[in-house]
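Structural description and commentary
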Amino acid sequence: MKLGMVGLPNVGKSTLFNAITNAGAQSANYPFCTIEPNVGMVSVPDERLEKLAQIYSPDKFTPAVIEFVDIAGLVKGASKGEGLGNKFLSNIREVDAIVHVVRCFESTDIIHVEGSVDPVRDIETINLELIFSDLEIVARRLDKAQKAYKGDKSFGVEVDFLKRLTAHLESGLPARSVEIENDTEQEVLNTTALLSAKPVIYACNMSEDDFSNGIEDNENYNKVKEIAINEKAEILPICAAMEAEISNLADDEKLMFLEELGLERSGLDRMIQKCYELLGLISYLTAGKPEVRAWTITKGTKAPQAAGKIHSDFERGFIRAEVIAYDDFITKCDGNMVTAKEKGLVRSEGKEYVMNDGDIVLFRFNV
């Protein structure tokens, strides 16, 4: 999974990136500090994997990972090449989802590129640049569909949808919020590769006081929350400065720090959960002495395709999957696979089996 972190200059984007990846990206109080995108790999926290590691003492421990890309700050006119616009747009095309960092805190020490703090304006600035770029793409596809329609009337649905999508974009709304009426329209949207159709998490960068006093008291946060609901996007309250402060703490100190603020998990953990929900992702697990590992798949993935994540031969020669739910393995079998088989909790599943989050699996195959 590849997530692109975007935002206007000086909203705390690189500070947040540094905190959650410990990658040491440069961070300074002036625009375009980030020119080439910084990349950081982050392990996905999973207590289930930790427990399995305790049981098997594996030679290798491999959690799922997320790749974060810190993309250069954007300014108006990016779609026309202003600032680092062309580079920004090309970097966005490569990510699975966007983490849009929005400044919701006031500070006289950190200069906002627009001179004032207004998250609604900031969101519109970036959304409009993505929309301007998308309008050019939709226009080209519409022209092609209209020509095809002259000889094949089945293109009528595509033509009508692209016209409606154009009007939607021209009204300043991102493609992800357009109403989809049938499978054909969904297929057209999926294959048009629009920037504003990418899933988005609005990361509201707030002050530590906001978390102490209650985030709902922050008017800027509430404004972003309303936008997120209308756009079918996710929202995540976070404090980049606080995340930077706790990123170097020991686990027990970090826990105490979060408890004082009434938080159960760090901003990174909450962001990862949002990303999984947004992209419809789950994890299945493989466990044994050689390796304990988490594999990320899309909800609804069937067993052979899940096996293909490990190796294409597993999918090609798939015979069956031996599956036990993680909770059953721990609570009913005390983490003992022999006991699990004796109790009949290890199921033999075929090609039509749809994987569940937390399945512990052994794939049988023959090539």
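One can find the structure itself at the top, above this paragraph.
Residues numbered from 1 in each chain as written. Predicted model: local features only at pLDDT ≥ 70, side-chain atom pairs only at ≥ 80, totals over all residues. Heavy atoms only, no water.

Let's talk about the overall build of the protein
Along the protein, the regular secondary structure elements total 15 helices and 12 strands. The buried share of the protein, reckoned over its 367 residues, is 49%. Contacts spanning at least 24 positions in sequence make up 68% of the contacts within the protein whose residues lie at least 6 apart. Accessible surface, the protein as shown: approximately 17900 Å² in total, 48% of it carbon and sulfur. (Helix = DSSP H or I, 4+ residues; strand = E, 2+ residues; numbered from the N terminus. Buried < 20%, exposed > 50% of the residue type's maximum accessible area, 1.4 Å probe, protein only. Contact = heavy atoms within 4.5 Å. Areas by Shrake-Rupley, 256 points an atom, 1.4 Å probe, with all protein chains shown as cover.)

Remarks on the layout of surface pockets
There is about 1000 Å³ of room inside the largest pocket. As for the largest pocket, its lining consists of 31 residues, and the residues nearest its centre are Val 44, Pro 45, Asp 46, Ser 266 and Asp 269. For the lining of the largest pocket, the element with the most residues is helix 11 (residues 267–279), which contributes 5 residues. Here the lining of the largest pocket is built from residues that sort into 14 nonpolar, 7 polar and 10 charged. (1 Å grid on protein atoms, 1.4 Å probe; cavity = no way out; pocket = protein on both sides within 12 Å on 5 of 7 lines; lining within 4 Å. Points joined across faces, edges and corners; volume = space filled by probe spheres on them. Nonpolar A, V, L, I, M, F, W, Y, C, P; charged D, E, K, R; others polar.)

Section: the packing of aromatic side chains
Per the stated rule, a full pass over the model turns up 4 aromatic pairs. Judged by centre distance (5.8 Å) and plane angle (90 degrees), the rings of Tyr 284 and Phe 363 are edge-to-face. Here Phe 363 lies in strand 12 (residues 359–365) and Tyr 284 lies in strand 8 (residues 281–286), a separation of 79 residues in the sequence. On the accessibility criterion, Phe 363 (8% relative accessible area) is buried. The structure contains a cluster of three or more aromatic residues connected by ring pairs, namely Tyr 284, Trp 295, Phe 318 and Phe 363. Cation over ring: Arg 103 sits above Phe 105, and NZ or CZ is 4.4 Å from the ring centre. (Phe/Tyr/Trp six-rings, centres within 6.5 Å; stacked < 30°, edge-to-face > 60°. Lys NZ or Arg CZ within 6 Å of the ring centre and 35° of its normal.)

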